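Chain by chain, the residues:
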Amino acid sequence: PQIRQMLSSGVCTSTTQLPGKVAVVTGANSGIGKETAKELAQRGARVYIACRDVQKGELVAKEIQTMTGNQEVLVRKLDLADTKSIRTFAKDFLAEEKHLHILINNAGVMMCPYSKTADGFEMHIGVNHLGHFLLTHLLLEKLKESAPSRIVNVSSLAHHLGRIHFHDLQGQKFYSAGLAYCHSKLANILFTRELARRLKGSGVTAYSLHPGTVNSELVRHSSFMRCLWRLFFFFIKTPQQGAQTSLYCALTEGLENLSGNHFSDCHVTWVSAQARNETIARRLWDVSCDLLGIPMD
Ligand SMILES: NC(=O)c1ccc[n+]([C@@H]2O[C@H](COP(=O)([O-])OP(=O)(O)OC[C@H]3O[C@@H](n4cnc5c(N)ncnc54)[C@H](O)[C@@H]3O)[C@@H](O)[C@H]2O)c1
């Protein structure tokens, strides 16, 4: 634990408390998302655990309620691999809640065999990017009404290996599970940058981040990655440490002028050349709208 402590340089030291604030964390039934939700609840927010497996989510909600004493930890069904489920989640949320101050797009899949979402999108781009793109779009007015509010997109260092191949966004011509993950994480950063550009002056800000290499269930689809994780166990962050940069982006006072930036270990960090390309960011936005049937403005 001491070695881990030393290696984990990024700690969110914000003292922001969240009474009366509302947060949604996707994929909060495990790993980094669970720890993020726990800390937001600890600080007094009403926290929505948005997850596929409601039963698993309820167990986590109970655990967080017991640990934090905050009973306002709610579980709602959200399957990011199905746009119907995303629309239902958003519709119910908008009917139920007056405000949304923090949206943490945390859920993700990594290195799963070639498969498609309910709407026919390749699973990585479908869940990690398009699912969160639609969810954010549907909740955007509420975020604007609740300003100052924040959107936090959990990306990865793996984006450096990613490319946006507009001619093969769904991996039909060439598919590598590892690269498909990297492409989707690059899309998270491009989405964040374009979102920040479009939201300038609205009071809603957006941040992307790399959480570090974190011991979680993310590597479930790859025996190679599972071995690697075991081998380097002592160098890998705990989910609680992995949640620090998400919390930093959601909570730190005065971060607004860094909207659109990418963070790691609670600092702004460099992204790949493609991730800084505004033309690609704008085109990806338009293509995503087109795929999801969202009217372009
Ligand atoms: N663990 C790492 O080392 C690492 C490194 C870089 C980035 N990340 C990113 O961190 C985020 C959290 O991952 P984690 O490490 O906590 O792994 P995790 O597997 O514990 O968490 C991912 C969550 O996403 C949920 N999810 C997957 N598909 C979904 C769907 N269709 N609809 C709704 N939820 C879905 C899972 O149920 C799970 O709760 C991911 O976006 C991942 O890409 C993790």
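Residues numbered from 1 in each chain as written. Predicted model: local features only at pLDDT ≥ 70, side-chain atom pairs only at ≥ 80, totals over all residues.

- By the naming in an unreviewed UniProt entry, the protein is NADP-retinol dehydrogenase, taken from Pteropus vampyrus.
- The protein has a UniProt comment under Catalytic activity (unreviewed entry) that states "all-trans-retinol + NADP(+) = all-trans-retinal + NADPH + H(+)".
- Quoted straight from UniProt, the Pathway (unreviewed entry) entry for the protein says "Cofactor metabolism; retinol metabolism." (UniProt positions renumbered as here; feature names shortened; annotations may be inferred.)

1. Brief notes about the overall build of the protein
Here is step 1: Scanning the protein for helices and strands turns up ten helices and eight strands.
Here is step 2: Over its C-alpha trace the protein gives a radius of gyration of 18 Å, about what one expects of a compact globule, namely 19 Å for 297 residues.
Here is step 3: Dimensions of the protein, computed from C-alpha atoms along their principal axes, come out at roughly 50 × 45 × 40 Å.
Here is step 4: Expressed as a percentage of the 297 residues in the protein, the buried residues total 48%.
Here is step 5: For the protein, contacts bridging at least 24 residues in sequence account for 73% of all contacts bridging at least 6. (Helix = DSSP H or I, 4+ residues; strand = E, 2+ residues; numbered from the N terminus. Rg over C-alpha atoms; globule rule 2.2 N^0.38 Å. Buried ≥ 20, exposed ≤ 12 C-beta atoms within 10 Å, placed from the backbone. Contact = placed C-beta atoms within 7 Å.)

2. Digging into the site of the ligand
Here is step 1: Taken together, 28 residues sit near the ligand, with Gly27, Gly31, Ala107, Gly108 and Ser216 positioned nearest.
Here is step 2: Per-element tally for the shell around the ligand: the top contributor is helix 2 (residues 31–42), with three residues.
Here is step 3: Here the residues of the shell around the ligand are counted per class, giving 13 nonpolar, twelve polar and three charged. (Near = placed C-beta within 6 Å. Nonpolar A, V, L, I, M, F, W, Y, C, P; charged D, E, K, R; others polar.)

3. Quick notes on the sheet that holds strand 8 (residues 267–268)
Here is step 1: Spatially, 3-2-1-4-5-6-7-8 is the arrangement adopted by the eight strands of the open sheet, whose pairing is mixed. Across the chains shown, the open sheet's two edge strands, defined by having one partner strand only, are strand 3 (73–77) and strand 8.
Here is step 2: The pairing of strand 7 (residues 262–264) with strand 8 spans two bridges and is classified as antiparallel. In the sheet register, Phe263 faces strand 8, and the bridge partner there is Val268.
Here is step 3: Helix 3 (residues 54–68) contacts strand 2 (46–51) and strand 3 of the sheet and is inclined by roughly 170° relative to strand 3.
Here is step 4: Taken strand by strand, helix 5 (residues 123–145) contacts strand 1 (22–26), strand 4 (102–105), strand 5 (149–154) and strand 6 (204–210), and its axis lies near 175° from that of strand 4. (Pairing = 2+ DSSP bridges. Axes fitted to C-alpha atoms, helices over the stretch in contact; angles between N-to-C directions.)

4. A short note on the nonpolar core
Here is step 1: Grouped together as the largest cluster of nonpolar side chains are 79 residues, with contacts concentrated most on Ala23, Val25, Val47, Ile49, Ala50 and Leu190.
Here is step 2: Here this core takes ten residues from helix 6 (residues 177–198), the largest share from any one element. (Core = buried A, V, L, I, M, F, W, Y, C linked by C-beta atoms within 7 Å.)

5. As for the pairing of strand 5
Here is step 1: By the criterion of burial, strand 5 is predominantly enclosed, with six of the six residues buried.
Here is step 2: The pairing of strand 4 with strand 5 spans four bridges and is parallel. Paired with Ile104 across the strands is Val152, a residue of strand 5.
Here is step 3: A crossover connection joins strand 4 to the parallel strand 5 through helix 5; in handedness this β-α-β unit is right-handed.
Here is step 4: Bridge count for strand 5 against strand 6 is six bridges, and the pairing is parallel. Paired with Ile151 across the bridge in strand 6 is Ala206.
Here is step 5: Regarding topology, helix 6 serves as the crossover connection from strand 5 to the parallel strand 6, and that connection is right-handed. (Right-handed = clockwise from strand over helix to strand, strands pointing away.)

6. Considering unusual backbone geometry
Here is step 1: Following Ala147, the chain continues into Pro148 via a peptide bond in cis, with omega recorded as 5°.
Here is step 2: Along the chain, Pro148 turns up in the loop between helix 5 and strand 5.
Here is step 3: Here the phi dihedral of Asp265 falls at roughly 50°; this positive angle occurs in a residue that is not glycine.
Here is step 4: With respect to the element layout, Asp265 can be found in the loop between strand 7 and strand 8.
Here is step 5: Of note in the backbone geometry, Cys266 takes a positive phi value of approximately 60° without being a glycine.
Here is step 6: As for its position among the elements, Cys266 is in the loop between strand 7 and strand 8.

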